[in-house]
Amino acid sequence: MSTSPATFPATERPWTLPSRRRVGMFCLIAAESAIFVIFLVAYIFYIGKSLTGPTPRQVLEIPIFNTVCLLSSSLTIHLAVRALQRGKTATFKLFWFLTLALGAIFLFGTGREWHRLIYSAGLTISTNLFGTTYYSLVGLHAFHVLAGLLGLTIVMLLALAAKVTEEHTEHVDVFSLYWHFVDVVWVVVFTTVYVVGR
Amino acid sequence: MSSNSVPIPDAIDSTKPTSGEAWLLEALHEWVITVDHKKLGIMYIVAGLFFLLLGGLEAVIIRIQLLVPHAQFVSPEVFNRMFTMHGTTMIFFVIMLILFGFGVYLVPLMIGARDMAFPRLNAWGFWMSTFGGLLLYFSFVGGDGLYGAGTAPDVGWWAYAPLTSRAFSPGHSTDYWTVALLVSGFGSVAIGANLVATILSMRCPRMTLARMPLLCWLYLVMGALLLFTITPLTAAQLMLMVDRYLGGHFFDTQAGGSAVLWMHFFWIFGHPEVYVLVLPAFGFVSEIVPVFSRKPIFGYPIMVAATVGIGFISLSVWAHHIFTMGMASYSNAFFVLTTMAIAVPTGIKIFNWLGTMWGGKIRYELPMLFCVAFLFQFLVAGLTGIMLGSAPFNWQLNNSYFVVAHFHYVIVGGILFAILGAFYYWYPKMTGRLLNQTLGLWNFWLLLIGFHLTFDFMHFAGILGMVRRIYTYEHGRGWEFWNVVIGVGTLFQVLGLSCFVFNLVWSYFQGRPADRDPWDGWTLEWATASPPPEYNFSVLPEVKSARPLWDLKHPEDPDWKYQ
Amino acid sequence: MSQLSSTLFAAQMSPTNIFAPSSTPADSIFRLSLFVLAVTGAIFVVVFSMLLYAAVKFRKREGDQAEPLQIYGSANLELAWTVLPILIVMVLFLSSARVIHAIQDARKPDGANEVTVVGHQFWWEYRYSQYGFVTANELHVPVSDQIHPTPTFLTLLSADTDHDFWVPRLAGKTDLIPNHPNRTWIDPYQTGLYLGQCAQYCGTEHAKMLLRVYVDSRADFDHWVKAQQQAAQLNAGMSPGATQGRRVFERTACINCHAVAGTIAAGRFGPDLTHLMSRDTLAAGAAPNTPENLRAWIQNPDTIKPGALMPAMNLNDKEFDQITAYLLTLH
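Everything numeric here is computed off the predicted structure, so don't read it as measured data. Residue positions are given per chain, counted from 1 along the sequence in the order it is written. Here chains are named by letter from A upward and ligands by number from 1 upward, in the order in which they appear as written. In keeping with the predicted nature of the model, local features appear solely for residues at pLDDT of at least 70, side-chain atom pairs appear and are counted solely at 80 or more, and the whole-chain, interface and lining totals rest on all residues. Computation of side-chain values: all heavy atoms of the structure, hydrogens and water removed.

A word on the overall build of chain B
Reasoning step 1: Only DSSP runs of H or I with at least four residues qualify as helices, and only runs of E with at least two residues qualify as strands; both kinds are numbered from the N terminus onward. Within chain B, the secondary structure is distributed over 15 helices and zero strands.
Reasoning step 2: Taken against the 2.2 N^0.38 rule, which gives 24 Å for 563 residues, the C-alpha radius of gyration of chain B at 24 Å falls within 12% of a compact globule.
Reasoning step 3: In chain B, which comprises 563 residues, the proportion classed as buried is 68%.
Reasoning step 4: In this analysis, two residues are considered to be in contact whenever any of their non-hydrogen atoms come within 4.5 Å of each other. Counted over contacts in chain B with a minimum sequence separation of 6, partners at least 24 positions apart contribute 79%.
Reasoning step 5: Counting every atom, chain B has about 18,100 Å² of accessible surface; 70% of that belongs to carbon and sulfur.
Reasoning step 6: None of His or the chain ends enter the tally, which takes Lys and Arg as positive and Asp and Glu as negative. To locate a charge, take atom NZ for lysine, CZ for arginine, CG for aspartate or CD for glutamate. Computed over 28 positive and 30 negative side-chain charges, the separation of the two mean positions in chain B equals 8 Å. In this setup the radius of gyration rests on C-alpha atoms only. A globule is expected at 2.2 Å times the number of residues raised to 0.38. Think of it in three bands: with a 1.4 Å probe and only protein chains considered, a residue is buried below 20% of the maximum accessible area for its type, exposed above 50%, and partly exposed in between. Each accessible area is a Shrake-Rupley result for a 1.4 Å probe, and residues are judged covered by the shown protein chains and nothing else.

As structure tokens, this is what we get:
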């Protein structure tokens, strides 16, 4: 049985497939979304069902500043990727660092919020259903921000060592998808916890 | 061999040793660090077979204890651990691992690729999954029970709340269940993503999705489904850990929490999971039946549509596992509708396989024997599934041995038989040797007899009211006879599967050598050596249809003329 | 009449045969199941025959090397075997939905009997709030007349983990879930004893959480209720051993878990013992209620039901005899 090598006449459409990195990242985002959905469902299901206080209305303060920081970081990472695409590595490093800083501010802000809730407001994960679902949901998100910060830091260090160039545009673009995902999740969590659930 | 024999000074001699301890270490090292999809595929399969022995042992212990009423072969505590471990092992560490193995082995070959999209992720997934399994079994020695002795989990493989709360499950046995599945779950999600990315991004030139072997379609849907299937369980298990270790109240009914929430979350995982298990089996059958009927698969497009339909509908049927939980009547009715609906695309598949055989020239080699058995048995499994899908009927049959019979009919009579067919079909490709025919026939007939003795008659025990997960039962309920028959069947199954395992090992050393295409197949894996070289293909055949090798072998009647 | 005799025949095969209904819910399910079996049976016969035919008829003949005609599909055939299953699915769905509604949404008639069932690891508590008493493990209900039904509605609660109430000849099963009250109902056609057991894995002794439902005639049921409503009949005519046994019972940990109406014993964690001797079995059906079994149970429950939550009370032999003597007076 003979096999003839494939010949590709020039008139044929070029053979393009989706980038495997992008597909892989979308798969990760899909899977993570499913986890968040389940935690959201639990949160929503338990709204108003705690047997004891405190209630969200009594203790939650809307984290406007933190949210602005996190959502701005989506803009800065987008600008960073665009800069790298055009070969402007200095601009890329600047915006990448801003993203990292804004993300860190968000995380730090969450930590301060939790400190206040635990020590001043008396809300812990074991206080009541609200406590359990709140810390789990917001904590899961914060964990994903932390993981993102780790990735951002690694890329930052590589960039400072002049190892990140224009040809890595796709790599950082795919990573930025993850970061955008984290932001979108925050929009949903924020709306559920601080707007609807109060 | 020293570097003195090499002409270049300070050069490293990397000639592989051929014997002795150095060879063994070299070989082990190669397998441990490998990212080659073929080696990993075999590793997944071998790991799955190892856990099959453990899960099978648990089943044997269960059946011996239930041979007669009020037996004292094992204590209730041990029995409860046995059925928990049997279910958990078989689903997560046998069937899933073996199916992953076939998937990562075959998919790159069938799409003409060099490897999976993410080879290192592939290796990571394997090690996570295997580690999870070993962690689960470590519970026998590590999980401290009431007296400090090790105990395995005993909460059933669904681990319903609040039985899993600290109050009702002190010690760490439940935690072993949770963490082992969390760890292997991450591996499963990685494999799902890897399969999707491979199939979408690594196909060889001109292999459009419409020209892909059906097995690849089935693995594509299975991979995508895994992303949405395992993750609800991951989330629920994280919640359980919060409850058990951080004082959380997700499933704490004393604090207003809901046991029902766990049920929903678990079955939102649990039902699509069984489709994760069955879709690859459909894939094996969809490759083997055409080749041995000597006809293309009947209705390729509708088979793809049915597969995708099954994937979507499977996400909407979960509450048919909890019809007895006390949902409102309209909720129950909704899930009856979706459950019955999924029977449509599934039935379509059976008819299409029948249509493939119809008018063919069937060769009853071992792969085909197993697949034909699959068709009959899966038909019955699907029909008992329809019975269970009718909620009122379910209110009698649920949690009885009728359900146990139904799902073993699917998993053993359906999925395992298809897997065995896959073994007999692709073993020559993986090893360069054919599996022994005589041993294979003993395997088939012993297993067939044993399967039917056990699981046909098990339906009756359920109809007569025998509840599942009971370590003993009362005289005078009419169950004694059925349990004896079930036990005898178990013995036959053990013998049949022993023949199989022996065949695997014996044929590796003594089997008849196989050339690159022993079955006269049509998909790309048969266009390379058996076993394939590490780079898979030196030359890829031209792909102009779903059966590139048929086109090459039959230039007067190629598929692409009709598509 | 022939349905009754087929039911009786089925009941002979097993007292827990789902095809031997003796109450409306079980009967509705039985009728639906016959229909479902008929439909699936017909599908089975047709498809099985076609598979068998194809497997046999289209075998490769010896020496025939030519490939058969390569057929890729048939739009008409595929349409037919999509549409027909959809129709069958609709029929099965509608017939099931009707029965779901009939059983689950049944209105509770005035004068219906009501019992609250509380599932425990590993026994059943029955509260007859209408009559003001609590009992355990053996449920008594009045028989129902099919023309003027007097059903019993059961409210299902749980004190600990998930359980399930399943008496196959009377109704489909329903879970008992903590913090999630459920409801089921039965209207037994015939007097007699109906058996079942817990059908949701609830821990070590799930297998021995048996159900015994006594369907009594109206007169017998009223008589039973009156007896249960009485406090424990403890009089001076008790033997000295029994009197001493009562003292031991009321001074050790027994009263932490058990109640005997009319005495200081008011524990609710374990079964109510006020009318212990009116029951045929001990420990939710695990053993017949004989003096020997009773004494063995009190001495060490693990000998009868290993894993039951009642601890072995480390008393001496004399005290065990005395307590047994006391409990034997609780009719």
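Now that the structure has been shown, the text picks up again.
Things to note about the pairing of strand β8 (residues 182-186) of chain C
Residue and element names in this part refer to chain C.
Reasoning step 1: With four of five residues buried, β8 lies mostly within the body of the structure.
Reasoning step 2: Pairing of strand β5 (residues 152-158) with β8 involves five bridges; the strand directions are antiparallel. Within the sheet, the bridge partner assigned to leucine 154 lies in β8 and is threonine 184. At least two DSSP bridges between two strands are required for those strands to pair.

Some remarks on the sheet that holds β8(C)
Residues and elements named next belong to chain C.
Reasoning step 1: Strand order across the open sheet formed by five strands is β3-β2-β1-β5-β8, with mixed pairing between neighbours. In the strand order of this sheet, the two ends are held by β3 (133-136) and β8, each with one partner. In this sheet, adjacent strand axes meet at a mean angle of 25° when their direction is disregarded.
Reasoning step 2: Under this scheme, a helix contributes an axis fitted over its contacting stretch, all axes are lines through C-alpha atoms, and angles between N-to-C directions fall in the 0 to 180 degree range. Against the sheet, helix α4 (residues 218-229) makes contact with β1 (113-120), β2 (123-128) and β3, and its axis sits at roughly 105° relative to β3, the strand it touches most.

Considerations on the interface of chain B and chain C
Reasoning step 1: Tallying the contact residues gives 97 residues for chain B and 87 residues for chain C.
Reasoning step 2: What counts as buried area is the accessible surface, traced by a 1.4 Å probe, that two parts surrender upon association, with contributions from both included. Taking both sides of the interface into account, the surface hidden between chain B and chain C amounts to around 7,800 Å²; carbon and sulfur atoms contribute 68%.
Reasoning step 3: The salt bridge criterion pairs a side-chain nitrogen of Lys or Arg with a carboxyl oxygen of Asp or Glu, the two atoms within 4 Å. Along the contact surface separating chain B from chain C lie two salt bridges.
Reasoning step 4: In this structure, the salt-bridge partner of Asp64(C) is Lys361(B), at a minimum N-O distance of 2.8 Å.
Reasoning step 5: Under the rule applied, a polar contact is a pair of N or O atoms within 3.5 Å (in protein, one hydrogen donor and one hydrogen acceptor; residues adjacent in sequence only if both atoms are side-chain atoms). The tally of links between chain B and chain C comes to 36 residue pairs in polar contact (both at pLDDT 80 or more).
Reasoning step 6: Sorting the residues of the side of chain B that touches chain C by element identifies α3 (76-110), α7 (259-293), α8 (300-313), α9 (329-357), α10 (366-389), α11 (391-397) and α13 (437-463) of chain B as the ones contributing at least two each.
Reasoning step 7: At 14 residues, α9(B) tops the list of elements feeding residues into the side of chain B that touches chain C.
Reasoning step 8: Note on residue categories: nonpolar means Ala, Val, Leu, Ile, Met, Phe, Trp, Tyr, Cys or Pro, charged means Asp, Glu, Lys or Arg, and polar means any other residue, Gly included. A per-class count over the side of chain B that touches chain C returns 56 nonpolar, 27 polar and 14 charged.

A word on a nonpolar patch on the surface
Residues and elements named next belong to chain B.
Reasoning step 1: The grouping of Trp23, Leu24, Leu28, Val32, Ile33 and Trp127 at the surface amounts to a nonpolar patch, some 600 Å² of accessible area in total.
Reasoning step 2: Take the nonpolar patch: its biggest share by element is five residues, from helix α1 (residues 20-33).
Reasoning step 3: Here valine 32 is to be found in helix α1.
Reasoning step 4: A relative accessible area of 44% places valine 32 in the partly exposed class. Each patch groups residues whose relative accessible area exceeds 30% and which form no salt bridge, using 9 Å between like charges and 5 Å between nonpolar side chains of Val, Leu, Ile, Met, Phe, Trp and Tyr.

Section: unusual backbone geometry
Reasoning step 1: For the bond running from Ala161(B) to Pro162(B), omega is -5°, close enough to zero to count as cis.
Reasoning step 2: Checked against the element boundaries, Pro162(B) lands in the loop between α4 (119-142) and α5 (173-201).
Reasoning step 3: In this chain, Gln121(C) is followed by Phe122(C) through a cis amide linkage whose omega measures 5°.
Reasoning step 4: Within the secondary structure, Phe122(C) sits in the loop between β1 and β2.
Reasoning step 5: Phi at Asn399(B) takes a positive value of approximately 60°, unusual for a residue other than glycine.
Reasoning step 6: Tracing the sequence through the fold places Asn399(B) in the loop between α11 and α12 (401-431).
Reasoning step 7: Judged by its relative accessible area of 3%, Asn399(B) falls in the buried class.
Reasoning step 8: A positive phi is found at Ala283(C), a non-glycine position, where the angle reads about 55°.
Reasoning step 9: Among the secondary structure elements, Ala283(C) is positioned in the loop between β11 (281-282) and β12 (287-288).

Details of the confidence of the model for chain C
Reasoning step 1: The predictor reports its confidence for every residue as pLDDT, a score running from 0 up to 100. Summary statistics for chain C give a mean pLDDT of 95 and a share of 99% for residues scoring 70 or more.
Reasoning step 2: Interface confidence in the predicted complex, given as ipTM, is 0.96; pTM for the same model is 0.95.

Some words on helix α3 (residues 75-104) of chain C
Reasoning step 1: Over its 30 residues, α3(C) runs 43 Å from end to end, which matches the ideal 44 Å to within 8%, given 1.5 Å per residue.
Reasoning step 2: Summarising the contacts, the buried residues of α3(C) are in contact with α8, α9, α10 and α11 of chain B together with α2 (24-57) and β8 of chain C. By this rule, a helix spans an expected 1.5 Å times one less than how many residues it contains.

Describing the packing of aromatic side chains
All names here are of chain B.
Reasoning step 1: Stacked, tilted and edge-to-face pairs are distinguished by plane angle, under 30 degrees for stacked and over 60 for edge-to-face with tilted covering the rest, among Phe, Tyr and Trp rings (Trp via its six-membered ring) whose centres lie within 6.5 Å. Summed over all chains, the structure comprises 88 aromatic pairs over all chains.
Reasoning step 2: Here tryptophan 157 and phenylalanine 266 contribute two aromatic rings whose centre-to-centre distance is 5.4 Å and whose plane-to-plane angle is 70°, an arrangement assigned as edge-to-face. One end of the pair, tryptophan 157, is in the loop between α4 and α5; the other, phenylalanine 266, is in helix α7, and 109 residues separate them in sequence.
Reasoning step 3: For phenylalanine 266, a relative accessible area of 1% translates into the label buried.
Reasoning step 4: Ring geometry for phenylalanine 417 and phenylalanine 451: centres 5.9 Å apart, planes at 65°, overall edge-to-face. In this pair, phenylalanine 417 sits in helix α12 while phenylalanine 451 sits in helix α13, placing the two residues 34 residues apart along the sequence. Both residues of the pair, phenylalanine 417 and phenylalanine 451, count as buried.
Reasoning step 5: Counted as over-ring charges are cases with an Arg CZ or a Lys NZ within 6 Å of the ring centre that also lie within 35 degrees of the ring normal. In this arrangement the basic side chain of lysine 39 is found over the ring face of tryptophan 31, its NZ or CZ atom lying 5.6 Å from the centre.
Reasoning step 6: The ring of tryptophan 522 carries the charged tip of arginine 547 above its face, separated from the ring centre by 4.3 Å.

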